[in-house]
Amino acid sequence: MHDSRDKNDVPENTDPKGGYEIRDVHMSVIVIGGVALALVCVFAFVLAAAIIPVLQNVSPDPTVAKDGPVINYGRLLPPEPRLQPDPPTTLRGFEEAEQTFLDTYGWINQSEGVVRLPIDRAMDIVAERGVPVWPSAE
Amino acid sequence: MSTQIAEADALPRPNYLNVKRSILSWLLTTDHKRIGILYLISITVFFLAGGLFAALIRIELLTPQADLVESDIYNRLFTLHGIIMIFFFLVPSIPAVLGNFLLPLMLGAKDLAFPRLNLLSWYLYWIGGVFAVVVLLQGGVDTGWTFYTPFSSFASNGNVVLAAAGGFVAGFSSILTGLNFIVTIHKMRAPGLTWFRLPLFVWAHYATSLIQVLATPVLGISLVLIMVERVWRVGIFDPTIGGDPVLFQHLFWFYSHPAVYIMILPGMGVVSEVITCFSRKRIFGYHMIAFSSLAIAILGFLVWGHHMFVSTQAMYTGIVFSILTMLVAIPSAIKVFNWTATLYKGQIYFEAPMLFVFGFLGLFTIGGLTGLFLGLLAADIHFHDTHFVVAHFHYVMVGGMVMAYLAGLHFWWPKMTGRMYNRQLAALAAILIFVGFNMTFFPQFILGALGMPRRYHVYNEEFQLLNVMSTAGAGVMGIGYLLPLIYMPLSLFVGKRAGANPWLAKGLEWTVPSPPTTYNFDHTPVVTEEPYAYDNRLHAAGMGQGE
Amino acid sequence: MSHSSQVAHHFEDIEQQNESLVLGMWLFLATEVMFFGGLFTAYVVYRTTYSEVFHEASRTLDFTLGTVNTLILLVSSLTMAMGVYAAKTGRRNLLPLMLVATIILGLAFLGVKAVEYSQKFEHHLVPGAGFVWPGGNPPHAQLFFVLYFIMTGMHAFHMVIGIVMMAMLLVMAMLGKFGPERYMGVEMAGLYWHFVDIVWVFLFPLLYLIDRS
Amino acid sequence: MQNLPIYPEQASTIARDFDLFLFVLLGLSVFFLGLIVLLVVFFSIRYRAGSRVNRELKSPDNYKLEIFWTVVPTLLVLLLFGWSTKIYFNYFRVPENAQEIFVTGKQWMWKTQHLNGRREINELHVPVNTPIKLTMTSEDVIHSLFVPEFRVKKDVLPGTYSTLWFEATKTGVFNLFCAEYCGTEHALMKGNVYVMELPEYQRWLEEGNTGDIAMASSGEHLFNRMGCVVCHREGSGARGPALTGLFGSEVQLTGGETTVADEAYLRESIMNPKAHVVAGYTPLMPTFEGQLSQDDIAQLISYIKSLDDAGDPGSAS
Ligand code: HEA
Ligand code: HEA
Ligand code: CUA
Ligand SMILES: [Cu+2]
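Conventions adopted
Residues numbered from 1 in each chain as written. Chains lettered and ligands numbered in written order. Predicted model: local features only at pLDDT ≥ 70, side-chain atom pairs only at ≥ 80, totals over all residues. Heavy atoms only, no water. Near = heavy atom within 4 Å. Polar contact = N/O pair within 3.5 Å; in protein donor to acceptor, adjacent residues only side chain to side chain. Helix = DSSP H or I, 4+ residues; strand = E, 2+ residues; numbered from the N terminus. Nonpolar A, V, L, I, M, F, W, Y, C, P; charged D, E, K, R; others polar. Donors = N, O, S within 2.8 Å, 3.2 Å for Na, K, Ca; no water. Buried < 20%, exposed > 50% of the residue type's maximum accessible area, 1.4 Å probe, protein only. Pairing = 2+ DSSP bridges. Contact = heavy atoms within 4.5 Å. Buried area = accessible area lost by both parts, 1.4 Å probe. Salt bridge = Lys/Arg side-chain N within 4 Å of Asp/Glu carboxyl O. Patch = residues over 30% accessible without salt bridge, like charges linked within 9 Å, V, L, I, M, F, W, Y side chains within 5 Å. Areas by Shrake-Rupley, 256 points an atom, 1.4 Å probe, with all protein chains shown as cover.

Participant: Could you give me a rundown of the site of ligand 2, with the residues and numbers involved?
Facilitator: All names here are of chain B. The environment of ligand 2 is formed by 31 residues, the closest being Arg58, Tyr74, His81, His394 and Arg455. Contact distances for ligand 2 include 2.9 Å between an oxygen atom and a backbone N or O atom of Trp145. In this structure, a nitrogen atom belonging to ligand 2 sits 2.8 Å away from a side-chain N or O atom of His394. Counting only elements with at least two residues in the shell around ligand 2, the list comes to helix H3 (32–60), helix H4 (71–107), helix H14 (387–417), helix H15 (423–450) and helix H16 (464–494). Of the residues assigned to the shell around ligand 2, the class counts are 21 nonpolar, 7 polar and 3 charged.

Below, the structure is given as structure tokens:
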């Protein structure tokens, strides 16, 4: 088996027995390179962090408008009909709301005791009792 | 005594080309030199296809309105032009052709570390190629070579999945080639060939292979995610159901910037070899150039955000990426200065490879400096997604890399084929390409400044004149590119015998006959001297004459 | 120097060939790390943006099955290492035994995974049309399961490749192909198997242990 | 040959700083390019093969020179970076008093809406010398709003509000492009930015906003909340007749007579639907008496009036 020769201690110009070169770059070179690279990255992040406050007091600090998700809460919006950011989702939401409005019980005006009936139930009641305002169904 | 050698030389000695002639021996070869030739033929085919699309693009852009093709076809034209040129021509070009052919020769080895893996790489390249052809026949893909979501995931009607699969498979060809090179450079150097005696061509390929191995898998996973998103639309990149389209941009550019350094570093390696040989002078600052290659490779992984300055990136992120982009330019600057200094006090020969390298120096410098423009936040806001960017990357990729590829091809052609090509025609080709190139792409800098957006097949009136100039230039350049396609194959039949070292160059590959035998070296060479040990005082008699 | 049959023509000696094979394998594993890296990045991005939904979704995963699988893989790494040791030291009967053990453990892992996947189908937690999520904003929860299926699926796929490799090695081991002078095949498979195990060691906490409070 | 434009007009505050910065950057680049080209040409002629010149080399390497041409470019690019970031700062941060305009990118058109509700397609009218803040989003794929004369550009993403601001310093008509590839008609997704004097802009803004747009829009709100839309929805299968184009048209009633749907008719149909039952419909509609105030009814009527044939309520007539 091969004696465990230290890769780099083979003298410079002898012909290594194995017929191929085994000497690699000294570890120190790789370490220096790695450290240099790390320093470059740290330098980039530090310079970036440092330059923002410097520029901040150079020019007045208007709001930094952050790009973010489409949230209309707290925004001054133009009146309806408004530009819709996501028409398919809005339509789906609208139809669901509409359907629940038609099929469920709920208060229309709690103080005056006006309540909303599912449309089918309302039709049955109208069929039974007729509607007080309309002349009786003759 | 000398006559026997001449006679022996006259008979076609068995070399890697004529040792076996059957088609099967070529298709199942594990000889790195034959695989290099197979790649040479393959990428030329794809270069012509990509060039054809480029020609169609330029013809369409002659007029402000859509004449030659409708917008949908045009979108597919530039997408396929981009994909074919990058993935099937430029990324493999120097590593797969010249790298495969020359690395074992330069290292004093008989072959790459994993010959069978090398053949598998070529087949993976061709499976990817077949996918690309199928995509072409199925009507192409219209997402741009960048595949941005959510357009590519739900709005495109092109064959995105097929194209992504093609890219995925071809990516592995690049990974396995890189893996093969790294192991070969580490483990199979001839005795005495320590790291700082390696030719800079080998250093460049070492850095390139590092990027290929570490960056290409990320492209693989991004393409897989695109395929999943397009087939099942489960919202990975679909904002309406919680996904983030910018995440794809991050994953894509994390590969694609290192990929552009995969494309340029081998070219820089060729320039180092050619410029020393034809100025008969030791390279200036060997260690600095070697380390610059590695610095470019490593820093190249940290700058991908400069492609997304105007997407909804936070200010701090943009600033950090801008700083790192500035720093990644420094190693390239060092190299250009070192090459220029190498010419000082040399014996300069204006052979064809050297003319291409002169072209490289000029055009790469323009491309690189405009890259700096784009790396500066203020400038990129205006220039992003305009023809300024198109001009930048054609200057570095076509002006830089393709010039270097042609320089390498003209430099090692005698070694690969044993023949000399017509050197006057080669000089003419170099000049034609250089002039045609500048006429094609310099106007695009101005178009970009004027604000002509990219990927527009219909544009405003005021941009027409510059576009006409650009198309005219493309014609001149096209002819320039066609010349080597004529005189090089021709040289196989009528070219003079080149002999072992027509350029009297240093390097182990010039110590073996041209074309080399299948096992390169009869006995393993021992390296004792520094690389590029030229004597700049001597006149290199017989340069380029061959036998 | 003798060019024994084990050494390929382009290598000088067995050390050069072995060192090349090991370096080649480590580089291949580096590409796998970058490949999974892309998935982990996507996971980290979406977990930070939708952390509370991810917490809820993670709780639906079967903690016990996950732990069992982790143990299975750890043991399979042990049997794999024993296999490599057996090959190196020429224990011709121990090697096949260890390979078989590793294959069985691998199949067991995939079996448990299959059970977990079928549970997901029953609970309608598979992304796509049939996805049902009782909790808040179902699309974000679906994103968790998309990542869950892609990451564990990709890992399982690598598991299958590993098992196929083990089977091929088993056949060669039965034919007495491996010994002190020829063990690289087993060592390389070992490196690959340990890598697949380590990927699961990262996957398990990230997916299963987000919030076991 | 018409004068070959090399450079777009400077029409925004940022354009001036940008152009100065670019001029210096161009100068530096030409200097470095010139330096490289001159050296290469000079060396290759002076030291061409066979020329009799002194080629004695003191030492192959020159570390001082190498350190020089590493440090100097590094400092240079960092200085350029500093200056460019200062301009980027102004581009990125929106002034407090910026006037907001909403923009929605849709596959292959730009839709803009001013705060008073006025909407435009592929056009953007803005006052000069006033900071304008565009709050942009996309309905489908990624677009990118680009005005070369203002030197500003910002991607427009679905599901995200991205903000872009500018202050036009010159009146006139400027190009509005989409820069990010978005599909077949990407090249046609463009329009114009009209920069006008303030009073002219005010007039333009008001002219498109007739009084009842506000009334109609709250009417529509009521129309939905009170459930009218449930039965008066467009399309087949709705229980009640479509109201589009009803106002001022002839209505056929059961029992054969016809009447003109004027405001009184509309009011009657809401308060006492039984009075005029539209031919072919069962009198399903309940009375809303007691549930709707006079204002509510007025708003509902103005909303129904606004449902002209174009079916696009409230568009600038
Ligand atoms: C071979 C390919 C290649 C190479 C080498 C480069 C090199 C560089 N590139 Fe380029 N680039 C591309 C290919 C390439 N690029 C492609 C394909 C795209 C567009 C992709 C798409 O959107 O479709 C692109 C786009 C691109 C962008 C995004 C533009 C946008 O879309 O908005 C940016 C921004 O920073 C950039 C910067 C750089 C920089 C700083 C370098 C540097 O490495 C250059 C360094 C070189 C020099 C600096 C010149 C030599 C130096 C001197 C002569 C000395 C003097 C120099 C100093 C003072 C520093 N490139
Ligand atoms: C390595 C990469 C590479 C190379 C070599 C080239 C080469 C060329 N490119 Fe390309 N280009 C890209 C990479 C490349 N390009 C990329 C990545 C894009 C962006 C795509 C996107 O936006 O998504 C792009 C986009 C691009 C555009 C912008 C399209 C747009 O944004 O609307 C243009 C426009 O002029 C252009 C032109 C050219 C020209 C004239 C050449 C010339 O150099 C070509 C010269 C070659 C020839 C002219 C071939 C000659 C031979 C024939 C024509 C013979 C007939 C053929 C057969 C027999 C098969 N390219
Ligand atoms: Cu919208 Cu391009
Ligand atoms: Cu880049």
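Participant: Give me unusual backbone geometry: which residues, what numbers.
Facilitator: The amide bond that connects Thr149 of chain B to the next residue, Pro150 of chain B, takes the cis arrangement and shows omega of -10 degrees. Mapped onto the secondary structure, Pro150 of chain B falls in the loop between helix H5 (115–137) and helix H6 (151–155). The omega torsion of the bond from Ser514 of chain B to Pro515 of chain B falls at -10 degrees, within 30 degrees of zero and hence cis. Looking at the secondary structure, you find Pro515 of chain B in the segment after H16. A positive phi angle is found at His124 of chain C, which is not glycine, with a value near 55 degrees. With respect to the element layout, His124 of chain C can be found in the loop between helix H4 (94–122) and helix H5 (138–174).

Participant: Give me the lowdown on the coordination of the iron atom of ligand 1, citing residues and values where you can.
Facilitator: Six octahedral donors around a metal ideally subtend angles of 90 or 180 degrees, whereas four tetrahedral donors ideally subtend 109.5 degrees. Residue and element names in this part refer to chain B. Donation to the iron atom of ligand 1 from the protein comes from one atom only, His392 (NE2), at 2.2 Å. For the pair the iron atom of ligand 1 and the copper ion (ligand 4), the metal-to-metal distance amounts to 4.6 Å. Following the sequence through the fold, His392 ends up in helix H14.

Participant: I'd like to hear about the pairing of strand E6 (residues 143–147) of chain D, residue by residue, with values.
Facilitator: Residues and elements named next belong to chain D. With 5 of 5 residues buried, E6 is to be regarded as a mostly interior element. Side chains His143, Leu145 and Val147 project from E6 onto one buried face, and the interleaved Ser144 and Phe146 project onto a second face that is buried too. Taking the residues that link successive antiparallel strands as the turn, the E6-strand E7 (residues 152–156) hairpin has 4 residues, and the phi of Arg151 there is positive, at about 60 degrees.

Participant: Before we move on, can you summarise the site of ligand 1 with the specific residues and values?
Facilitator: Taken together, the neighbourhood of ligand 1 is formed by 30 residues, with Trp145, Tyr261, Asp380, His384 and His392 of chain B sitting nearest. Chains contributing residues near ligand 1 are chains B and D. In the environment of ligand 1, an oxygen atom lies 3.4 Å from a nitrogen or oxygen atom belonging to the backbone of Leu374 of chain B. Note that an oxygen atom of ligand 1 is positioned 3.2 Å from one of the backbone N or O atoms of Gly375 of chain B. Every element with two or more residues in the shell around ligand 1 is listed here: helix H9 (245–277), helix H11 (315–343), helix H12 (352–375) and H14 of chain B. Ranked by the residues each element gives to the shell around ligand 1, the list is headed by H12 of chain B, at 7 residues. Here the shell around ligand 1 is composed, by residue class, of 18 nonpolar, 10 polar and 2 charged.

Participant: Report on the interface of chain D and chain B, specifying residues and quantitative values.
Facilitator: The partner chain B presents 89 residues to the 79 residues of chain D that form the contact. Both sides together, the interface formed by chain D and chain B hides about 7300 Å², and carbon and sulfur atoms give 72% of it. Interface area lost by chain D to chain B is led by Trp69, Tyr88 and Tyr181 of chain D, which between them contribute 10%. In this structure, the connection of chain D to chain B is made through 0 salt bridges. The tally of links from chain D across to chain B stands at 22 residue pairs in polar contact (both at pLDDT 80 or more). Counting residues per element, the side of chain D that touches chain B draws most heavily on helix H2 (residues 63–92) of chain D, at 17 residues.

Participant: Any chance you could break down a nonpolar patch on the surface for me, citing the residues and the numbers?
Facilitator: Residue and element names in this part refer to chain B. Where nonpolar side chains cluster on the molecular surface, the patch consists of Leu48, Leu482, Leu485, Ile486, Leu490, Leu492, Phe493 and Val494 and spans about 780 Å² of accessible area. It is H16 that contributes the most residues to the nonpolar patch, 7 residues altogether. Leu492 sits in the partly exposed class, given a relative accessible area of 38%.

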